[in-house]
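Listed here are the chains, written in short residue letters.
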Amino acid sequence: MSVARTLHRRRRVATAAVAATILAGAGVVSAGAESGTSAARSSSAVTLRGALLSAELLYTLTSAKDSAAELTASGYDPGAARHGVDAYRLVYHTIDAKGQPATASGLFTVPRGVQGRLRTVSFAHGTGVHRIDAPSMQRKVFLTGPSITYASAGFATVAPDYLGMGTGPGKHPWMDVPSEATASLDLLRAARQFVPRIGHTLDRDVLATGFSQGASAALGLGRALQAGEDRYFRLGALAPISGAYDFGGAEIPALLAGDSELEPRWRVVYAAYTLVAFDRVHDVYDNPGRVFRDPGVEELFDGMHTGPQMISALPRTLDELLTPYGRDLLARPRGGLVAGLRGTDSVCKDWKPRAPIRLYMAQGDEQAAVRNTANCAAAFQERTRVSVVDLGAVDHQKSRHLGSNVRGTAEVVRWFGTLRTGSNR
């Protein structure tokens, strides 16, 4: 039986569930007459970018003790928790991967009991396939641990859901660094509009971090900030964790290698997701049957299937997943795939960060080949000083990849606390 037929019933259930999640809840605060008027009058995507549409209080952690308990439940280190936390979902205008007007959502967390200006962190999350695999859609889970960590330590923290995830329309353009960067920057702008309502302002210097997929997104945001793409925010520091920075030169070869250090199930997942997601933006193949032995594989990445559903429905090996043409396309990229990789693989090339930068990684990572970090560091070292932090033997739910985020977040929040930025200079 084909994948599409097997999951037809599951897809209907998932669709109903996510619709209920998006529509549930009360206390949504509109962006206000001023923002609404300017959005209505402008036909320019540039003008609309970052305009706040709504802000919803999702939950409150009253005290530092509550924050520590939340982090412990999520599997994170509670050692830096000093404050309670208010968590909001912000919905805002941005642009899609084609530069057209779009909307997106994200999680915005702020410390309780702190007045005035807040230092600003941007955290970009790792790979998910269901649209609720996003920070503003869940709680007490792996996705939200970093946001609670930074906020409870005293930082205002934005965590974009990305395009096509959370409440945003359409399908997610996975590993499309340009749109990840614009979604991140526009969430910062929306947060800046919102914070005066709760008695705060945001520091100009953004401390940018992210995990896995989000590691590249953090570097993309950092490059945009340093280039002056926003008149207010600027780059304060970079601390990406376990990224696939050299996707074409390190990650894809590791997916295809017979003696790969990557786990077989993740090799299949990422090979499939690469072809499907890159095709959405760059027209990689004419039809899914040309690259996949079962064309129904494409439907697994429609945003309505959960990770377990996707993994259970995928074949176990690359040979069962890919046609000879599909495998050769990954081994020797051409056409639209080359265009996609050009953007993905540029995050460590052709620019010189002027802010402090540390790359965090873990040996034995079963999802992001460690050569990614080595190649990124080497590229940066040609132009600037960069530190590589080996997180050592880490584990979370039997995964060193996930464990690197848990340990890395604890390390990064301590490092951010030592930096002098903005008003602290």
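If you're wondering where the values come from, they're calculated on a predicted model, not measured in any experiment.

Enquirer: Before we move on, can you summarise the overall build of the protein chain with the specific residues and values?
Expert: Of regular secondary structure, the protein chain possesses 16 helices and 10 strands. Across the 425 residues in the protein chain, those meeting the buried criterion constitute 59%. For the protein chain, long-range pairs separated by at least 24 residues make up 78% of all intrachain contacts whose partners lie at least 6 apart in sequence.

Enquirer: Provide a residue-level description of the layout of surface pockets, including the pertinent values.
Expert: The volume enclosed by the largest pocket comes to roughly 820 Å³. Contributing to the lining of the largest pocket are 32 residues, with Thr-127, Gly-128, Phe-142, Trp-266 and Leu-402 lying nearest its centre. Split into classes, the residues belonging to the lining of the largest pocket amount to 15 nonpolar, 14 polar and three charged.

Enquirer: Give me the lowdown on the confidence of the model for the protein chain, citing residues and values where you can.
Expert: Across the protein chain, the average pLDDT comes to 90, with 88% of residues at or above 70. Across residues 1-43 the pLDDT falls below 50, and counting only partners more than four positions away or on other chains, this stretch makes 60 contacts in the model.

Enquirer: Explain the pattern of salt bridges to me, using residue names and the numbers behind them.
Expert: If charged atoms from side chains of opposite charge come close, those side chains can pair. Under the defined criterion, the tally for this structure stands at 14 salt bridges. Notably, a salt bridge pairs Glu-70 with Arg-139, separated by 3.0 Å at the nearest N-O pair. Taken as a pair, Glu-70 in helix α5 (residues 64-74) and Arg-139 in the loop between β5 (116-124) and α6 (145-152) lie far apart in primary sequence, 69 residues in all. For Glu-70, a relative accessible area of 3% gives the class buried. When its relative accessible area of 36% is taken as the criterion, Arg-139 is described as partly exposed. Where Asp-230 meets Arg-189, a salt bridge forms, and the shortest distance between an N and an O atom there is 2.7 Å. Here Asp-230 is found in the loop between α8 (213-226) and β8 (234-241), whereas its partner Arg-189 is found in helix α7 (residues 177-194), with 41 residues between them in sequence. The pair formed by Asp-230 and Arg-189 is uniform in burial state, with each residue classed as buried. The network of salt bridges with common partners includes Arg-49, Asp-186, Arg-189 and Asp-230.

Enquirer: Describe empty space enclosed by the protein, naming the residues involved and giving the relevant values.
Expert: If you walk through the whole model with that rule in mind, you get four cavities of 30 Å³ or more. Of the pockets and cavities examined, the largest cavity occupies roughly 80 Å³. Together, 14 residues line the largest cavity, and Trp-174, Ser-212, Ala-244, Glu-251 and Tyr-270 are the ones closest to its centre. Class assignment for the residues of the lining of the largest cavity results in six nonpolar, seven polar and one charged. For the second largest cavity, the calculated volume is near 50 Å³. Together, 13 residues line the second largest cavity, and Val-129, His-172, Tyr-273, Phe-301 and Gly-303 are the ones closest to its centre. When its residues are assigned to classes, the lining of the second largest cavity shows four nonpolar, five polar and four charged.

Enquirer: So what's going on with the environment of Gly-243? Which residues, and what values?
Expert: In this fold, Gly-243 is placed in the loop between β8 and α9 (247-256). Relative accessible area serves as the criterion here: at 1%, Gly-243 is assigned to the buried category. Each C-alpha atom, one on Gly-243 and one on His-401, is 9.8 Å from the other, the two residues being 158 residues apart in sequence. Not counting residues up to four positions away in its chain, the partners in contact with Gly-243 are Ser-212, Ala-215, Ala-368 and Asn-372.

Enquirer: Tell me what's going on with the state of the cysteines, and back it up with residues and numbers.
Expert: Here, disulfide denotes a covalent bond that connects the sulfur atoms of two cysteines. Following the criterion strictly, the structure yields one disulfide and no others. Bridging Cys-348 to Cys-376, the disulfide has an S-S length of 2.0 Å. Across the S-S bond of Cys-348 and Cys-376 the torsion is about -90°, and the bridge reads as left-handed. Of the two residues, Cys-348 sits in the loop between α14 (336-344) and β9 (358-361) while Cys-376 sits in helix α15 (residues 371-381), which places them 28 residues apart along the sequence. Residue Cys-376 is classed as buried on the basis of its relative accessible area, which comes to 2%.

Enquirer: Run through the nonpolar core, naming residues and quoting values.
Expert: Leu-90, Phe-108, Leu-219, Tyr-245, Cys-348 and Phe-380 are the most contacted members of the largest nonpolar core, which has 43 residues in total. Ranked by residues supplied to this core, first place goes to α7 with eight residues. If we skip the residues at most four places from it in the chain, Phe-380 touches Leu-219, Val-347, Cys-348, Trp-351, Pro-353, Ile-357 and Val-386. Of all hydrophobic cores here, the second largest spans 38 residues; its members include Met-175, Phe-247, Leu-275 and Met-310.

Basis of the calculations
- Residues numbered from 1 in each chain as written.
- Predicted model: local features only at pLDDT ≥ 70, side-chain atom pairs only at ≥ 80, totals over all residues.
- Heavy atoms only, no water.
- Helix = DSSP H or I, 4+ residues; strand = E, 2+ residues; numbered from the N terminus.
- Buried < 20%, exposed > 50% of the residue type's maximum accessible area, 1.4 Å probe, protein only.
- Contact = heavy atoms within 4.5 Å.
- 1 Å grid on protein atoms, 1.4 Å probe; cavity = no way out; pocket = protein on both sides within 12 Å on 5 of 7 lines; lining within 4 Å.
- Points joined across faces, edges and corners; volume = space filled by probe spheres on them.
- Nonpolar A, V, L, I, M, F, W, Y, C, P; charged D, E, K, R; others polar.
- pLDDT = per-residue confidence, 0-100.
- Salt bridge = Lys/Arg side-chain N within 4 Å of Asp/Glu carboxyl O.
- Disulfide = S-S within 2.5 Å.
- Core = buried A, V, L, I, M, F, W, Y, C linked by side-chain atoms within 4.5 Å.

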